[in-house]
Amino acid sequence: MIGFSLLAVWVLKNSLEGKTKEYETSRGQVSKSERQARMEKEHDNMMQKLNKIRNTDFDNTKRIERPEEILERRQKDRARRNIWYRRFGRWIIGRQ
């Protein structure tokens, strides 16, 4: 019961603070320093994201595998996997 009362008080307090802030912003009573601080914080976050993207190296030497290469790689994998002793080991374990 006490926990419920404390939670209700906290919710009411936060909702009233939010309403008063909304009212002040709608009337233009928000101080310039608060708006400036918020804008600077958003700017810093955006610049951090941009710098993080810019600092990651772009590798344009990667090439797309051709279908023949993919087929060849899969055939090699299949051949390696189907060596008689590996196939025998899978048969003993019971996995196919």
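Just so it is clear, the model here is predicted, and its values are computed rather than measured.

J.: Teacher, can you tell me more about the overall build of the protein here?
T.: Tallying secondary structure elements over the protein gives 4 helices and 0 strands in all. Secondary structure elements of the protein occur, N-terminal to C-terminal, as α-α-α-α. Put simply, the protein has 96 residues, and 2% of those count as buried. A total of about 9900 Å² of accessible surface is found on the protein, and carbon and sulfur atoms cover 58% of it.

J.: What is the right way to look at the pattern of salt bridges in this model?
T.: Close approach of charged atoms lets side chains of opposite charge pair. Under the criterion given, the structure shown has 3 salt bridges. Two residues, Arg 73 and Glu 65, come together in a salt bridge whose shortest N-O distance is 3.3 Å. Arg 73 sits in the partly exposed class, given a relative accessible area of 38%. By relative accessible area, which is 38% here, Glu 65 ends up partly exposed. We note a salt bridge from Lys 76 to Glu 72, for which the minimum N-O separation is 3.6 Å. Taken as a pair, Lys 76 and Glu 72 lie in helix α3 (residues 67–81) at a separation of 4 residues, close to a single helical turn. In this structure Lys 76 comes out as exposed when scored by relative accessible area, which is 54%.

J.: Even after reading the chapter, I still don't get a nonpolar patch on the surface, so can you show me in this structure?
T.: A contiguous nonpolar surface patch, about 800 Å² in accessible area, is contributed by Trp 84, Tyr 85, Phe 88, Trp 91, Ile 92 and Ile 93. Within the element layout of this structure, Ile 93 appears in helix α4 (residues 84–93).

J.: I keep staring at the confidence of the model for the protein and nothing clicks. Help me out?
T.: Fine structural detail should not be taken from predicted coordinates in areas where pLDDT scores are low. With 88% of its residues at a pLDDT of at least 70, the protein reaches an overall mean of 81. Mean pLDDT across the elements of the protein bottoms out in helix α1 (residues 2–27) (77) and peaks in α3 (91).

Basis of the calculations
- Residues numbered from 1 in each chain as written.
- Predicted model: local features only at pLDDT ≥ 70, side-chain atom pairs only at ≥ 80, totals over all residues.
- Heavy atoms only, no water.
- Helix = DSSP H or I, 4+ residues; strand = E, 2+ residues; numbered from the N terminus.
- Buried < 20%, exposed > 50% of the residue type's maximum accessible area, 1.4 Å probe, protein only.
- Areas by Shrake-Rupley, 256 points an atom, 1.4 Å probe, with all protein chains shown as cover.
- Salt bridge = Lys/Arg side-chain N within 4 Å of Asp/Glu carboxyl O.
- Patch = residues over 30% accessible without salt bridge, like charges linked within 9 Å, V, L, I, M, F, W, Y side chains within 5 Å.
- pLDDT = per-residue confidence, 0-100.

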